[in-house]
Amino acid sequence: MNNIHKGGCLCGKSRFETYAKPVANIICHCRYCQLRTGSPFGNILYFDKKDFKFITGNLKTYKFITESGREWKNYFCSNCATIIYCILEVRKDNIGVPGGLFDPPTYKYKISKEVFTRSRANFIQNNFCENSFETSSSYKPLKDDEDRLKG
Ligand SMILES: [Zn+2]
Ligand SMILES: [Zn+2]
């Protein structure tokens, strides 16, 4: 297979491969991404499910319901807790892989969209790409989140 791109977690026990370009490469500033990464923003590369393979390791899962009422499920290494991928109800046919997991971390894929700029860290001055949005097209809040999750 062409275009094999390997990656994995911090401890090295959980490893995966991807076999094609991502269908989307998203920078997300939402509170969920800030909390799941501990960083100012998340970077998720979405692949067709057939183009992703979990190779080795043990995963645990954590799922929650977004303010738009949809399931978001994280799969993380049971040893070191690095999130290896996520599956969002809004993108059922895709596997979302954090951009920093690839080795080497060349960030070779172009950013296709930036979302939730309304909660972007104030020290980030410029948009990451022209395709930049205050929230996202799938954002349809059903209820107010707790204060700690707002943004
Ligand atoms: Zn690990
Ligand atoms: Zn997000």
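Here the structure is shown first, and the text comes after it.
Residues numbered from 1 in each chain as written. Chains lettered and ligands numbered in written order. Predicted model: local features only at pLDDT ≥ 70, side-chain atom pairs only at ≥ 80, totals over all residues. Heavy atoms only, no water.

**Side note on the coordination of the zinc ion (ligand 1)**
Item 1. Listed as protein donors to the zinc ion (ligand 1) are Cys-9 (SG), Cys-11 (SG), Cys-77 (SG) and Cys-80 (SG); their distances from the metal cover 2.3 to 2.4 Å.
Item 2. For the zinc ion (ligand 1), the four donor atoms in the first shell make angles of 103 to 113 degrees at the metal, a pattern classed as tetrahedral.
Item 3. Linear spacing of the donor residues for the zinc ion (ligand 1) on their chain is C-x1-C-x65-C-x2-C. On the criterion of sequence distance, the pair formed by Cys-11 in the loop between strand 1 (5-8) and strand 2 (15-18) and Cys-80 in the loop between strand 7 (71-77) and strand 8 (83-88) is long-range, its members being 69 residues apart.
Item 4. Given a relative accessible area of 22%, Cys-80 falls into the partly exposed group. (Donors = N, O, S within 2.8 Å, 3.2 Å for Na, K, Ca; no water. Tetrahedral: all angles 85-135°; square planar, octahedral: opposite > 155°, others 65-115°. Helix = DSSP H or I, 4+ residues; strand = E, 2+ residues; numbered from the N terminus. Buried < 20%, exposed > 50% of the residue type's maximum accessible area, 1.4 Å probe, protein only.)

**Some points on the pairing of strand 8**
Item 1. Where burial is concerned, most of strand 8 is hidden: six out of the six residues are buried.
Item 2. Here strand 7 pairs with strand 8 via five bridges, running antiparallel. What sits directly across from Phe-76, in strand 8, is Ile-83.
Item 3. What sits between the antiparallel neighbours strand 7 and strand 8 is a turn of five residues, in which Ala-81 has the positive phi angle 75 degrees. (Pairing = 2+ DSSP bridges.)

**Observations concerning the coordination of the zinc ion (ligand 2)**
Item 1. Distances from the zinc ion (ligand 2) to its protein donors, namely Cys-28 (SG), Cys-30 (SG) and Cys-33 (SG), fall within the range 2.1 to 2.3 Å.
Item 2. Read N to C, the donor residues that coordinate the zinc ion (ligand 2) are spaced as C-x1-C-x2-C.
Item 3. A relative accessible area of 1% places Cys-33 in the buried class.

**A word on the sheet that holds strand 5 (residues 52-56)**
Whenever strands of a sheet pair, they do so through backbone hydrogen bonds, lying parallel or antiparallel.
Item 1. A sheet is described by the order of its strands in space; here three strands give the open sequence 1-2-5, paired in antiparallel fashion. Strands at the two margins of the open sheet, each flanked by one partner only, are strand 1 and strand 5. In this sheet, neighbouring strand axes are inclined to one another by 25 degrees on average, regardless of whether the strands run parallel or antiparallel.
Item 2. Sheet topology places strand 1 next to strand 2; four bridges connect them, and they run antiparallel. Pairing of Gly-7 across the sheet is with Phe-16, part of strand 2. (Axes fitted to C-alpha atoms, helices over the stretch in contact; angles between N-to-C directions.)

**Some details on unusual backbone geometry**
Item 1. A cis amide bond links Asp-103 to the next residue, Pro-104, at an omega of -10 degrees.
Item 2. With respect to the helices and strands, Pro-104 occurs in the loop between strand 9 (94-98) and strand 10 (113-115).
Item 3. Although it is not a glycine, Ala-81 sits at a positive phi angle of roughly 75 degrees.
Item 4. One can find Ala-81 in the loop between strand 7 and strand 8.
Item 5. Although it is not a glycine, Phe-116 sits at a positive phi angle of roughly 60 degrees.
Item 6. Considering the arrangement of structural elements, one finds Phe-116 in the segment after strand 10.
Item 7. Among the residues examined, Phe-116 registers a relative accessible area of 9% and is labelled buried.

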